[in-house]
Amino acid sequence: MKFLIIRFSSIGDIVLTTPVVRCLKKQVLTAEVHYLTKPSYGAIVNTNPYIDKVHYLQDDFEAMIASLREEDFDYVIDLHHNLRTLKVKRALGKQSFSFNKLNIPKWLLTNFKINRLPEVHIVDRYLDTLQSFGIRNDGAGLDYFIPEQDKVQESDIPTAHHAGYIGVVIGAALNTKKYPLEKLKAFCASLQHPIILLGGKEDVADGEAIAATDPVKIYNACGKFNLHESADLVRRAKLIVTNDTGLMHIAAAFNKPIISLWGNTVPEFGMYPYMRQQSYDIMEIKNLSCRPCSKIGYNKCPKGHFKCMQLITPEAVLDKVNERLGRKGIVNGQ
């Protein structure tokens, strides 16, 4: 049987689809698994050994559909479920199974703070699309595959960090999901442990400002490594402190101890760390009348006070990190 899985974006969401890919490939013995995504996210799926072929969303929609039709898929598994995926499904004319985005319950929660969302992780909702094929959750968690050439060498990070470090993810897609810069500076200055700051090119300036508080202890890796290399830095870390963002899900794929900081979004949306063992802590300010204000986020707090992040103190984050470091087993990144 030939399957086309569709998920266009983003980093975290694509990583969260990996149990669907693996379970489908391993449990349907004749399965040929193809994946359709945006070109900018190809690196994540190209290395996945459970995917037989990757296709890309193209500006020339008709050319893309013609190419997909040539594959003659048996089924389409739509894990994005938007207008573009609807166009793809209609154009291919194959039997499809679509993931339920639960938009109405999310709208109720963000607008009226009425929670009608099921207590089910998005990964399990993704897996529900495979029920007709008798697929079961194998319990193996998320996958992330790093090519050998993208594994970080010891010489690529400071000597002071070779014996182990804490990874601190400072970036996020939108500002209301980011722990504030001044609080990050205070937290990193107080943490008595080598730190590597993780983020994209857009986070370089903030990383430099944080690293300036202690250039020996804090290494700013933001913008210096590609996605696979950043993932490898996550894999090698003793512990990850992170916003609700893609690297959080990559950390979960490597079963790293995680401390996740939540601003305008909430774990109830079903996108908290999905792990084989629950080695994560969620830090959030509950019972704010304005939270959650969005299922995605904003460039700035609509209310102007940003209490959802401002009320998470650096001292509280530091205490949680020290508590995690004191637990048995968190040695040399294990």
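Coordinates for the structure precede this section.
Residues numbered from 1 in each chain as written. Predicted model: local features only at pLDDT ≥ 70, side-chain atom pairs only at ≥ 80, totals over all residues. Heavy atoms only, no water.

(A) Layout of the overall build of the protein. Along the backbone of the protein there are 13 helices and 11 strands. Expressed as a percentage of the 334 residues in the protein, the buried residues total 55%. Taking contacts inside the protein between residues at least 6 apart in sequence as the whole, the part at least 24 apart equals 66%. Entry remark: accessible area of the protein is about 15,000 Å², with carbon and sulfur atoms responsible for 49%. In the protein, 42 positive and 35 negative side-chain charges are present, and the distance between their average locations comes to 5 Å. (Helix = DSSP H or I, 4+ residues; strand = E, 2+ residues; numbered from the N terminus. Buried < 20%, exposed > 50% of the residue type's maximum accessible area, 1.4 Å probe, protein only. Contact = heavy atoms within 4.5 Å. Areas by Shrake-Rupley, 256 points an atom, 1.4 Å probe, with all protein chains shown as cover. Lys, Arg positive; Asp, Glu negative; His and termini not counted. Charge placed at Lys NZ, Arg CZ, Asp CG, Glu CD.)

(B) Here's a closer look at the packing of aromatic side chains. Considering all chains together, one arrives at 10 aromatic pairs under this definition. Ring plane angle 50 degrees and centroid distance 6.2 Å describe the contact between Tyr75 and Phe97, whose orientation is recorded as tilted. With a gap of 22 residues between them, Tyr75 in strand β4 (residues 75–78) and Phe97 in strand β5 (residues 95–98) connect regions that are remote in the sequence. Ring centres 5.3 Å apart and planes at 75 degrees place the aromatic pair Trp107 and Phe112 in the edge-to-face group. (Phe/Tyr/Trp six-rings, centres within 6.5 Å; stacked < 30°, edge-to-face > 60°.)

(C) The arrangement of the packing of helix α4 (residues 61–71) against helix α5 (residues 83–92) in detail. The contact between α4 and α5 brings their axes to 10 Å, and the two run at 50 degrees. Classified by the interaxial angle, the pair formed by α4 and α5 is oblique. Like other packed secondary-structure pairs, α4 and α5 cross with a definite hand, here right-handed. Where α4 approaches α5, its residues Phe61, Met64, Ile65, Leu68 and Arg69 are matched on the opposing element by Lys87, Val88, Ala91 and Leu92. Across the contact of α4 with α5, the residue classes break down as seven nonpolar, no polar and two charged. (Axes fitted to C-alpha atoms, helices over the stretch in contact; angles between N-to-C directions. Parallel < 35°, antiparallel > 145°, perpendicular 65-115°, else oblique. Left-handed = near helix turned anticlockwise from the far one by under 90°. Nonpolar A, V, L, I, M, F, W, Y, C, P; charged D, E, K, R; others polar.)

(D) Region of interest: α4. If you check which residues of α4 are buried, you get Phe61, Met64, Ile65, Leu68 and Glu71. Projected onto a plane normal to the axis of α4, the buried residues spread over an arc of 100 degrees and lie on a single side. Of the exposed residues in α4, those oriented more than 90 degrees away from the buried face are Glu62 and Glu70. If you follow the buried residues of α4, they end up packed against β1 (2–6), β2 (32–37), β3 (53–56) and α5. Two residues or fewer past α4, Asp72 is found with a positive phi of approximately 55 degrees. (Arc of directions from axis to C-beta.)

(E) Representation of the nonpolar core in the model. Ile5, Phe133, Leu198 and Leu233 are the most contacted members of the largest nonpolar core, which has 58 residues in total. Excluding anything up to four places from it in sequence, Ile5 contacts Val20, Val21, Leu24, Val33, His34, Tyr35, Leu36, Ile77 and Leu79. Ile170, Phe187, Ile195 and Ile218 belong to the second-largest nonpolar core, a separate cluster that totals 30 residues. (Core = buried A, V, L, I, M, F, W, Y, C linked by side-chain atoms within 4.5 Å.)

(F) Layout of the pattern of salt bridges. All chains considered together, the criterion is met by 19 salt bridges. Taking the shortest distance from any N to any O, the salt bridge between Lys177 and Asp244 comes out at 3.6 Å. With Lys177 in the loop between β6 (166–169) and α8 (181–190) and Asp244 in the loop between β9 (239–243) and α11 (246–253), this residue pair connects regions lying 67 residues apart in the sequence. Residue classification places Asp244 among the buried positions, given a relative accessible area of 9%. Asp203 is the salt-bridge partner of Lys178, the closest N and O atoms lying 3.7 Å from each other. (Salt bridge = Lys/Arg side-chain N within 4 Å of Asp/Glu carboxyl O.)

(G) Spatial organisation of the environment of Cys290. Structurally, the position occupied by Cys290 is in the loop between β11 (280–283) and α12 (307–310). Given the relative accessible area of 18%, Cys290 is considered buried. Through-space distance from the C-alpha of Cys290 to that of Asn264 is 8.5 Å; in sequence the pair is 26 residues apart. Sequence-distant contacts of Cys290, that is, excluding residues within four places in its chain, are made with Lys113, Lys303 and His305.

(H) A look at the sheet that holds β11. Taken together, six strands build an open sheet; the order of strands is β8-β7-β6-β9-β10-β11 and the sheet is parallel. With one partner strand each, in any of the chains shown, β8 (218–220) and β11 form the two edges of the open sheet. Averaged over all pairs of adjacent strands, the angle between strand axes in this sheet comes to 20 degrees, irrespective of strand direction. When β9 meets strand β10 (residues 258–261), the two strands line up parallel, connected through four bridges. In the sheet register, Ile240 faces β10, and the bridge partner there is Ile258. The strands touched by α11 within the sheet are β6, β7 (195–198), β9 and β10, with β10 carrying the most contacts at an inclination of about 160 degrees. (Pairing = 2+ DSSP bridges.)

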